[in-house]
Protein chains: 4
Amino acid sequence: MMIIMRADARPQEIETVVQCVQRRGAQAHVSSGAERTVIGIVGDTRRLSQDEFIRMEGVDRIVPISKPYKLASREFHPQDTVFRVGDAVFGGAGLTLIAGPCSVESRSQLLEIAHAVREAGAHALRGGAFKPRTSPYSFQGLGEAGLELLAEARAATGLPIVTEVMSPEQLPLVARYADVLQIGARNMQNYALLQAAGRSGKPVLLKRGPSATLDEWLLAAEYLLAEGNLQVALCERGIRTFATATRNTTDINAVPALKDRTHLPVFLDPSHSTGRWEYVAAIARAGVAAGADGLIVEVHHRPQEALSDGGQSLKPERFAALVSEARQIAAVIGRPLAQPETAHVRPA
Amino acid sequence: MMIIMRADARPQEIETVVQCVQRRGAQAHVSSGAERTVIGIVGDTRRLSQDEFIRMEGVDRIVPISKPYKLASREFHPQDTVFRVGDAVFGGAGLTLIAGPCSVESRSQLLEIAHAVREAGAHALRGGAFKPRTSPYSFQGLGEAGLELLAEARAATGLPIVTEVMSPEQLPLVARYADVLQIGARNMQNYALLQAAGRSGKPVLLKRGPSATLDEWLLAAEYLLAEGNLQVALCERGIRTFATATRNTTDINAVPALKDRTHLPVFLDPSHSTGRWEYVAAIARAGVAAGADGLIVEVHHRPQEALSDGGQSLKPERFAALVSEARQIAAVIGRPLAQPETAHVRPA
Amino acid sequence: MMIIMRADARPQEIETVVQCVQRRGAQAHVSSGAERTVIGIVGDTRRLSQDEFIRMEGVDRIVPISKPYKLASREFHPQDTVFRVGDAVFGGAGLTLIAGPCSVESRSQLLEIAHAVREAGAHALRGGAFKPRTSPYSFQGLGEAGLELLAEARAATGLPIVTEVMSPEQLPLVARYADVLQIGARNMQNYALLQAAGRSGKPVLLKRGPSATLDEWLLAAEYLLAEGNLQVALCERGIRTFATATRNTTDINAVPALKDRTHLPVFLDPSHSTGRWEYVAAIARAGVAAGADGLIVEVHHRPQEALSDGGQSLKPERFAALVSEARQIAAVIGRPLAQPETAHVRPA
Amino acid sequence: MMIIMRADARPQEIETVVQCVQRRGAQAHVSSGAERTVIGIVGDTRRLSQDEFIRMEGVDRIVPISKPYKLASREFHPQDTVFRVGDAVFGGAGLTLIAGPCSVESRSQLLEIAHAVREAGAHALRGGAFKPRTSPYSFQGLGEAGLELLAEARAATGLPIVTEVMSPEQLPLVARYADVLQIGARNMQNYALLQAAGRSGKPVLLKRGPSATLDEWLLAAEYLLAEGNLQVALCERGIRTFATATRNTTDINAVPALKDRTHLPVFLDPSHSTGRWEYVAAIARAGVAAGADGLIVEVHHRPQEALSDGGQSLKPERFAALVSEARQIAAVIGRPLAQPETAHVRPA
């Protein structure tokens, strides 16, 4: 941590800061430039808070030096995190494809889509049983009945299940059925939920909040990791900006920027990050080209009848075409796609 | 709802949309301009979802006409919502001042600040016992011990208590002590929490999510109202933008824009919306001048020792000066400040 | 400037950075913490560029210490800038009100509005003769004929004229008529225009670009100041964010943040920063309450017939009411409004 | 255009709007729903302005139906625009690669880089002779001497020249040397410059303003097209958002969204859109995968010595590797790269 004093800071103010640092057991190195004094702090700074110093007289700004997340940081864990869920591998050399409907709507809908995405090459099945909806009047998901249908689809296709959990109370129920717990964008900083998911022992797919910085997102992951759950993957799903041509703005820069900062697998959700099916394939390809470890894509066999987010769902044949392109692009950048043929039906 | 077709939409595609509208029991009015066809939908459109239509061939965009929130909307409830909490009145002609420390830290800290803000003219005491923190390593609040201290401060000063609740499980505990439940910015779309708070019967202060539009915020309020809880106030606390000179960007436009859209009381939190105590008074005054019904301000007698957010806390004497200015500005725009002298110590 | 090295930076990389600093005549202070090495640079850093160092192996980030603007900075010029234009004073203790139509449309329109705003208490008249329009098909202003009408309105009312200049070629013509040159938001970083305006000797009202940070804005002002033109005022006119309830987001925080950073007068344009006349008075009052030195407000006697931006124009009687409120709020915060009665008709 | 009335609009107010529409020679279709009345306008709406109606009593919002840009719109010109500059083709089936230094610094620097990018497969050479710089104290480019060096590099390599023009006065000079005029992000709405470039007859590469919507950008292109200049290409270079991990946020969604809206070629500048060389290749590949027609990349043989933007420049060997990947990705999506071997040295 470095403390940058105001240009008009008085010697007394500088001295007060130095003493405060020392009282907390750290050392202060004072460096006086022509215009400003900068105080560098050495030693264990975890007991020092920025808040404490920003308030002191004569202080202009605080510049953090170390990353606030330790467990999520590549600095301390240079090796990529790789974990296996059924036959799907998250992280590593392969490209992992998760696909399925936004919401579980019915047995026939889910099974038809599950078989279609499996044939197209998906490694895991997504589908929402509990749906966070902006309006209290929108369809909120089938609940436990939806989870049962997901389990049935897993038994039928061998695909592990990725599904969202929305609250700590719901977690035991969802964890009974899910292979991977998805934490949605709106809950990225729902700390009670993060702690419960961290303790659940289940792998977690953590979506980015629509206005979260990478640091905030990695600190949310740190909540999971700090509970001992190391099976965490991140998923960019678009950020909120002034741009309105698409539902969200895909922060494609986040893909290489995350790979630089963290060892956790990085996914992209082109369905939510664009909000329009016409752009999903282009952005999915872009994600793979940028180095994402996987994609999570909404697929629906009759999108115009979907109960939620139909506008951003691909038809199965379009998804199959996308898988083919994504595989070839992955090969171009030296990333072999995990072959779906190697997947076996796993016992329900 | 209006459906705007693409310029190259074919007659067959237009016909398909019309039939889909009719199958759902509504009527479609087709209006063909020189370049585009627009389909207006009349009747009960609540069963129709935008998602359904945006996906159909030939559709360019959907324009919602009615507001998606009914209970929160001033269109349906022109009268201002006013409710009383102890001697504090939320909404109406007065200006309501909530003040106190970011976090409850100790008995002496809380009581000293509580007495100071009461003397300065505050109508309610804020203070966090459970703190949402970006990092899992930051101080997370005193928990129930903090709630007990808040109850003690209420007994000593007569000020009702506003404190944050972070999860549905926590709610029964917090509701036992709190007079007003605060739902923080990160939980604005935590629907399980909104529903639990809606059912609690306690007044709620709902902060805006850092990237929430006014419509999304009012839909979050709608979750509370739809549970039968009509004692809801909104609190602008800054949005996330590209601007980095302050911690957040105070969306001052939201104050008149909300008063136009909703009958719920509108508060401003200048401490979080700026993040620097030096700017708090200026922005608090701006909020009153723009028509806010109240302010919630962080006050700390020793901000440099605060365990959280010390940098944005006012000292009691600065808060007292602010109260004086805020009162005078409220008077300029025809809003008499509820006199704090009328408050009586309420039995604990 | 401080250079923060990556956690995995090698000694050789650190040494290379140090040598590079020294070759440019500055001194490098190396401070090695537990996790990172930070290199502080002392001496004249103006010859050092961030670009140069960010590229070097092992470098993580650069933290600038000094402000990049010298002439605009309050650090070097603590005294407020105050300048006089006719009888209007920009900066200082008073509150300066500029008002008038968005565009000059006709002789009768301009004169009627000019007299109305003068009677209401305005100190200067605004009106566009050259209009920057997003679409090439929109009304682009009356051009020189508009400037002549502005001169006539000045002769009739004594109000100095504030009008926009859009290009260096246009500048000599506009400067012949204008008392204050306005540089619009889209031209904030039009450096050829800034340099020409800087050399013109005319006072300049520099609007903020819709996505400009305060530093970028103050650097644009620095272009003017560096040409020797010290009569520069800044005008916040809203920034572009995700919020769509209003045309722009008024960055009210910018008012105190600018007063902290610069000695230049700070204005607010509530007409553009909201885009809706219904919110103009609320936001204008907020600006005064936050400490703005002046307002620039669009006024039109028949806004529904205005050729541009009618939706954000106040009728004269609403402007008069706003002036009364603004004066009272200015008085609350210890800022006496310059009395319009003291203004005399200045010879044309 | 559709006019959505407020829920509380009175019959008189609706009638007034209708009459206003009719007075301007268009027809109004009134559609009264349960909650709101919507007035659709049919006929030539170009004489009607949104501003006019938004101001009228009882009006809530205006929804534009037709795109405001006609010449740039794919609706009216479904065929892709393709144009040739020397041996480089902008638009069409190929992928066009523009590369070179941010600034022209010296003869040896420019020639070395020009030869390197030509060998790596670039089709055109970029290089700034006039540089827009945020600070008046930064290196502003070599000016005409730089243009002469660019012409020399063209003679030596056969690569056409893309270089920025910053003001209308500068345009005749720059146009004498340049093959393609670049209009930078800060000048996207510099209308005098757009008009001058439109009249110059030179092809133009129009960069997106950092906070421009797609509509605003296409309207800026419309300024060029309306002058009769049809050789216009667009270049996404990152937008300004809250995200700070990279210098800008690459709006990758803009690539398919633009291809949907316009027939003009779409380029991506991964150097400015990321600001860090480490991420340039990933984002360049993403752009190609998303369907961009070309890339413009900063290349420098000694980036740590570059006078501007060194931190985002690739070394020639890294650029060559990128070209190879970009070609393969282009092939995956059915876009053959125009072969650089077919380029011949063109007479100076």
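Located above this text is the structure these notes cover.
So, here's what we can say about the structure. Not measured: the values here are computed from a predicted model. (Residues numbered from 1 in each chain as written. Chains lettered and ligands numbered in written order. Predicted model: local features only at pLDDT ≥ 70, side-chain atom pairs only at ≥ 80, totals over all residues. Heavy atoms only, no water.)

**Let's talk about the overall build of chain A**
The number of helices and strands found in chain A is eleven helices and 14 strands. Counting only C-alpha atoms, chain A reaches 75 × 45 × 40 Å along its principal axes. Within chain A, the proportion of its 348 residues that are buried is 66%. Of the accessible surface of chain A, which amounts to about 11,300 Å², a share of 49% is contributed by carbon and sulfur atoms. (Helix = DSSP H or I, 4+ residues; strand = E, 2+ residues; numbered from the N terminus. Buried < 20%, exposed > 50% of the residue type's maximum accessible area, 1.4 Å probe, protein only. Areas by Shrake-Rupley, 256 points an atom, 1.4 Å probe, with all protein chains shown as cover.)

**Description of the relation of the copies chain A and chain B**
For the pair chain A and chain B, the best superposition has an RMSD of 0.0 Å and corresponds to a rotation of 180° with a translation of 0.0 Å parallel to the axis. Taken together, the rotation angle and the small translation identify this as a two-fold axis. Taking C-alpha positions as reference, the residue of chain A nearest the rotation axis is Ser211 of chain A, located at 2.9 Å. (Least-squares fit on C-alpha atoms with pLDDT ≥ 70 in both.)

**Observations regarding the pairing of strand β12 (residues 232–236) of chain B**
Residue and element names in this part refer to chain B. Buried residues dominate β12, accounting for five of its five residues. Burial along β12 is two-sided: Val232, Leu234 and Glu236 facing one way and Ala233 and Cys235 facing the other are all buried. Bridge count between strand β11 (residues 204–207) and β12: four bridges; the pairing is parallel. In the sheet register, Lys207 faces β12, and the bridge partner there is Cys235. Since β11 and β12 lie parallel, the crossover through helix α7 (residues 214–226) that links them has a hand, and here it is right-handed. (Pairing = 2+ DSSP bridges. Right-handed = clockwise from strand over helix to strand, strands pointing away.)

**Section: helix α4 (residues 144–157) of chain A**
Between its terminal C-alpha atoms α4 of chain A stretches 20 Å, which fits the 20 Å expected from 14 residues at 1.5 Å a residue. Gly146, Leu147, Leu149, Leu150, Ala151, Ala153, Arg154 and Thr157 of chain A are the residues of α4 of chain A that are buried. (Expected span 1.5 Å × (residues − 1).)

**Quick notes on the packing of helix α7 (residues 214–226) of chain C against helix α8 (residues 254–261) of chain C**
Relative orientation and spacing of two packed helices are given, respectively, by the angle between their axes and the distance between those axes. Residues and elements named next belong to chain C. Contact geometry for α7 and α8: axes closest at 11 Å, N-to-C directions at 50°. As far as their axial angle goes, α8 and α7 are oblique. When you trace α7 past α8, the crossing you get is right-handed. Contact with α7, carried on its side by Leu214, Trp217 and Leu218, involves Ala254, Ala257, Leu258 and Arg261 of α8 and no other residues of that element. Partitioning the contact of α7 with α8 into residue classes produces six nonpolar, no polar and one charged. (Axes fitted to C-alpha atoms, helices over the stretch in contact; angles between N-to-C directions. Parallel < 35°, antiparallel > 145°, perpendicular 65-115°, else oblique. Left-handed = near helix turned anticlockwise from the far one by under 90°. Contact = heavy atoms within 4.5 Å. Nonpolar A, V, L, I, M, F, W, Y, C, P; charged D, E, K, R; others polar.)

**A closer look at the environment of Asp260 of chain B**
Tracing the backbone shows Asp260 of chain B in helix α8 (residues 254–261). You can call Asp260 of chain B partly exposed: its relative accessible area is 30%. A sequence separation of 182 residues divides Asp260 of chain B from Pro78 of chain B, and the C-alpha atoms of the two residues are 9.7 Å apart. Among all residues touching Asp260 of chain B, those that are not within four sequence positions of it are Arg74 of chain B, Tyr279 of chain C together with Arg6 of chain D.

**Some words on the interface of chain A and chain B**
Facing 47 residues of chain A, the contacting portion of chain B comprises 47 residues. When chain A packs against chain B, close to 4,000 Å² is buried across both sides, 49% of that on carbon and sulfur atoms. The partner of Arg240 of chain B in a salt bridge is Glu216 of chain A, and the shortest N-O contact between them spans 2.6 Å. If you look at where chain A meets chain B, you find 19 residue pairs in polar contact (both at pLDDT 80 or more). For the side of chain A that touches chain B, the element with the most residues is helix α7 (residues 214–226) of chain A, which contributes five residues. A class-by-class count of the residues in the side of chain A that touches chain B yields 19 nonpolar, 14 polar and 14 charged. (Buried area = accessible area lost by both parts, 1.4 Å probe. Salt bridge = Lys/Arg side-chain N within 4 Å of Asp/Glu carboxyl O. Polar contact = N/O pair within 3.5 Å; in protein donor to acceptor, adjacent residues only side chain to side chain.)

**Concerning the sheet that holds strand β2 (residues 27–32) of chain A**
Residue and element names in this part refer to chain A. Taken together, the four strands give an open sheet; going across it, the order is β2-β3-β1-β4, and neighbouring strands pair in antiparallel fashion. Of all strands in the sheet, those bounded by a partner on one side alone are β2 and β4 (59–63). Averaged over all pairs of adjacent strands, the angle between strand axes in this sheet comes to 20°, irrespective of strand direction.

**Topic: the relation of the copies chain A and chain C**
The operation relating chain A to chain C is a screw motion whose rotation component is 180°, with 0.0 Å of axial translation and a residual RMSD of 0.0 Å. Both copies present the same face, since 100% of the interface residues in chain A are matched by interface residues at the equivalent positions in chain C.

**A look at the interface of chain A and chain C**
Contacts between the two partners involve 25 residues from chain A, matched on the other side by 25 residues from chain C. Approximately 2,000 Å² of surface area, both sides summed, lies buried where chain A meets chain C, with 54% of it carried by carbon and sulfur atoms. Considering only the surface of chain A that becomes buried against chain C, Glu35, Arg36 and Ile65 of chain A emerge as the three largest contributors, covering 25% of it. There are four salt bridges connecting chain A and chain C. Among the ionic pairs, Arg6 of chain A bridges to Asp260 of chain C, the shortest N-O distance being 3.8 Å. Our count for the chain A to chain C interface comes out at six residue pairs in polar contact (both at pLDDT 80 or more). Sorting elements by how many residues they give to the side of chain A that touches chain C places β2 of chain A first, with three residues.

**Comments concerning the sheet that holds strand β7 (residues 96–100) of chain A**
All names here are of chain A. Strand order in the closed barrel made by the eight strands is β7-β8-β9-β10-β11-β12-β13-β14, with parallel pairing throughout. Strand-to-strand twist of the sheet, defined as the mean angle between neighbouring strand axes without regard to direction, takes the value 25°. Pairing between strand β9 (residues 161–164) and strand β10 (residues 180–183): three bridges, direction parallel. Paired with Thr163 across the strands is Leu181, a residue of β10. Across the sheet, α7 touches β10, β11 (204–207) and β12 (232–236), and the angle it forms with β12 is around 155°.

**Comments concerning the state of the cysteines**
For the coordinates displayed, the defined rule picks out zero disulfides over all chains. Between Cys102 of chain C, a cysteine without a disulfide, and Cys235 of chain C, which holds the nearest cysteine sulfur, the sulfur-to-sulfur distance is 13 Å. What makes Cys102 of chain C buried here is its relative accessible area of 2%. Cys20 of chain D takes part in no disulfide bond, and the closest cysteine sulfur, belonging to Cys102 of chain C, lies 18 Å away. (Disulfide = S-S within 2.5 Å.)

**Points about helix α8 (residues 254–261) of chain D**
Most of α8 of chain D sits out of view: seven of its eight residues are buried. Of all the residues in α8 of chain D, the buried ones are Ala254, Val255, Pro256, Ala257, Leu258, Lys259 and Arg261 of chain D. Against α10 (277–290) of chain A together with α7 (214–226), β12 (232–236), β13 (266–268) and α10 (277–290) of chain D lie the buried residues of α8 of chain D.

**A closer look at the pairing of β12 of chain A**
Residue and element names in this part refer to chain A. By the bridge criterion, three bridges tie β12 to strand β13 (residues 266–268) in an arrangement that is parallel. From the neighbouring strand, Leu234 faces β13, where its bridge partner is Val266. In terms of handedness, the path from β12 via helix α8 (residues 254–261) over to β13 forms a crossover that is right-handed.

**Digging into the nonpolar core**
One finds Phe319 of chain A, Phe319 of chain B, Phe319 of chain C together with Phe319 of chain D to be the most contacted residues of the largest nonpolar core, which totals 332 residues. If we ignore the near neighbours within four places in the chain, the residues touching Phe319 of chain B are Ala99, Val117, Ala120, Ala122, Val297, Val299 and Leu314 of chain B. (Core = buried A, V, L, I, M, F, W, Y, C linked by side-chain atoms within 4.5 Å.)

Note that every value here comes from positions in space, so none of it alone points to a role or purpose.
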